[in-house]
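What the coordinates show
Residue strings, one per chain:
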Amino acid sequence: MLLLTAIVSVISIKYNNINASVNGNGFSSVIFCFVVAIAMYKEHCQLAVQNSISRKDFFKSSICVITIICFLCALIDLLLRVISQISLFCAGTNNFNLSSFMFLFYPKFLERSNEATVTAAGFFMSFFICLMFAALGLLIAGIYCKLPKKFRTLYCIALPTCGLLPVFPVIAAVAVTFPGFAEGFSALFQKIMGIPSGNPFYGMVTFTVVSALMAGVCYRLLKKTDII
């Protein structure tokens, strides 16, 4: 969130005729999908299995539910974006709100595509981002349910403090200590995201693959989860 705010601030300062702002609805949608996936899996996993619902059916229904929720959240974001474009407050500026902040990295796509294509791509980008974070929520809940009860409280404490907070310091330390590795990794990341070619559809495929991998790991954990 801080990184995004910094990017938006630089754009607003450098280009006076661009009304760039943080899309709060987009962030709330991502957080909503993430939390729904965690709560749904955690609260209903053992209940479903104890009521003779197979693990496979439970997992398939969970995937269907979060997919529908992510689609609806992306649709709501699109509608709110369209409403903001026709608002009187947008008069006299070139609003950089055709899609989520990811399109800051795809200026070539914005230049060569019409508004309808950009809007559609922004919708699918929002959908796949929400889906990826929902799959992350399933994975986190799957690990929680797989752990013995005596370790679950420790897991809930350690996940944000030891798993999330050190991410940026570790990345910064690696970039300073191993600049060659950091540059190579950065180039690879940009390539799979389609940033050099200005193709956001590469990014959508990347989000889909990451979501599928996390869902696959979660399903493997579900098959080995003991029902207490």
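Note that this is a predicted model, so its numbers are computed, not measured.

Description of the overall build of the chain
In terms of regular secondary structure, the chain is built from nine helices and zero strands. Its helices and strands in sequence order give the chain the pattern α-α-α-α-α-α-α-α-α, from N to C terminus. Counting only residues that meet the buried cut, the chain has 33% of its 228 residues in that class. Across the chain, every contact between residues at least 6 apart in sequence was considered, and the portion connecting residues at least 24 apart equals 70%. A total accessible area of about 13700 Å² is found for the chain, and carbon and sulfur atoms account for 73% of it.

What about a nonpolar patch on the surface?
On the surface, Phe 178, Phe 181, Phe 185, Leu 188, Phe 189 and Ile 192 cluster together into a nonpolar patch covering about 650 Å² of accessible area. Here Phe 178 lies in the loop between helix H7 (167-177) and helix H8 (179-193).

A word on helix H5 (residues 115-146)
Within an α-helix, residues lying three or four positions from one another point in the same direction, as the helix has 3.6 residues per turn. Compared with an ideal rise of 1.5 Å per residue, which puts 32 residues at 46 Å, H5 spans 46 Å between its outermost C-alpha atoms and is within 8% of the ideal. Counting buried positions along H5 gives 23 out of 32 residues, so the element sits mostly inside the fold. Its side-chain oxygen 3.3 Å from the backbone nitrogen of Ala 116, Asn 114 forms the N-cap of H5.

Here we look at the packing of aromatic side chains
Scanning all chains against the criterion turns up eight aromatic pairs. Residues Phe 123 and Phe 124 carry aromatic rings whose centres are separated by 5.1 Å and whose planes lie at 75° to one another, so their mutual orientation is edge-to-face. Considering the side-chain rings of Phe 127 and Phe 128, the 5.1 Å spacing of their centres and the 65° angle between planes classify their relative orientation as edge-to-face. A network of ring pairs unites the aromatic residues Phe 71, Phe 123, Phe 124, Phe 127 and Phe 128 as a single cluster. In this structure, Arg 152 packs its charged tip against the face of Tyr 144, placed 5.1 Å from the ring centre.

Looking at the state of the cysteines
Taken as a whole and assessed by the stated rule, the structure comprises zero disulfides. No disulfide involves Cys 70; its sulfur sits 3.7 Å from the nearest other cysteine sulfur, which is in Cys 33. Exposure remark for Cys 70: the relative accessible area of 1% places this residue in the buried category. Counting only cysteine sulfurs, Cys 33 is the nearest neighbor of Cys 73, a cysteine outside any disulfide, at a range of 3.8 Å.

A few points about the pattern of salt bridges
Evaluation of the coordinates by the stated rule reveals one salt bridge. As a salt-bridge pair, Glu 43 and Lys 42 come within 3.2 Å of each other at their nearest N and O atoms. Residue class for Lys 42 comes out partly exposed when judged on its relative accessible area of 37%.

With respect to the side chain of Thr 225
Looking at the secondary structure, you find Thr 225 in the segment after helix H9 (200-223). According to the relative accessible area criterion, Thr 225 is buried, its value standing at 2%. At 2.7 Å, the side chain of Thr 225 and the backbone oxygen of Leu 221 are in polar contact. Apart from the residues within four sequence positions on either side, Thr 225 is in contact with Arg 55, Cys 145 and Lys 146.

Some remarks on the confidence of the model for the chain
When pLDDT is averaged across the chain, the result is 77; 77% of the residues are at 70 or more. Contacts of residues 1-24 to residues separated by more than four positions or lying in other chains number 25 contacts, the stretch itself having pLDDT below 50. Contacts of residues 88-98 to residues separated by more than four positions or lying in other chains number 22 contacts, the stretch itself having pLDDT below 50.

Observations concerning the environment of Met 132
Tracing the sequence through the fold places Met 132 in helix H5. When the C-alpha atoms of Met 132 and Leu 213 are compared, they prove to be 9.9 Å apart, with 81 residues separating the residues in sequence. Apart from residues lying up to four places away in sequence, Met 132 is in contact with Phe 207, Val 210, Ser 211 and Met 214.

Calculation rules
Residues numbered from 1 in each chain as written. Predicted model: local features only at pLDDT ≥ 70, side-chain atom pairs only at ≥ 80, totals over all residues. Heavy atoms only, no water. Helix = DSSP H or I, 4+ residues; strand = E, 2+ residues; numbered from the N terminus. Buried < 20%, exposed > 50% of the residue type's maximum accessible area, 1.4 Å probe, protein only. Contact = heavy atoms within 4.5 Å. Areas by Shrake-Rupley, 256 points an atom, 1.4 Å probe, with all protein chains shown as cover. Patch = residues over 30% accessible without salt bridge, like charges linked within 9 Å, V, L, I, M, F, W, Y side chains within 5 Å. Salt bridge = Lys/Arg side-chain N within 4 Å of Asp/Glu carboxyl O. Expected span 1.5 Å × (residues − 1). Polar contact = N/O pair within 3.5 Å; in protein donor to acceptor, adjacent residues only side chain to side chain. Phe/Tyr/Trp six-rings, centres within 6.5 Å; stacked < 30°, edge-to-face > 60°. Lys NZ or Arg CZ within 6 Å of the ring centre and 35° of its normal. Disulfide = S-S within 2.5 Å. pLDDT = per-residue confidence, 0-100.

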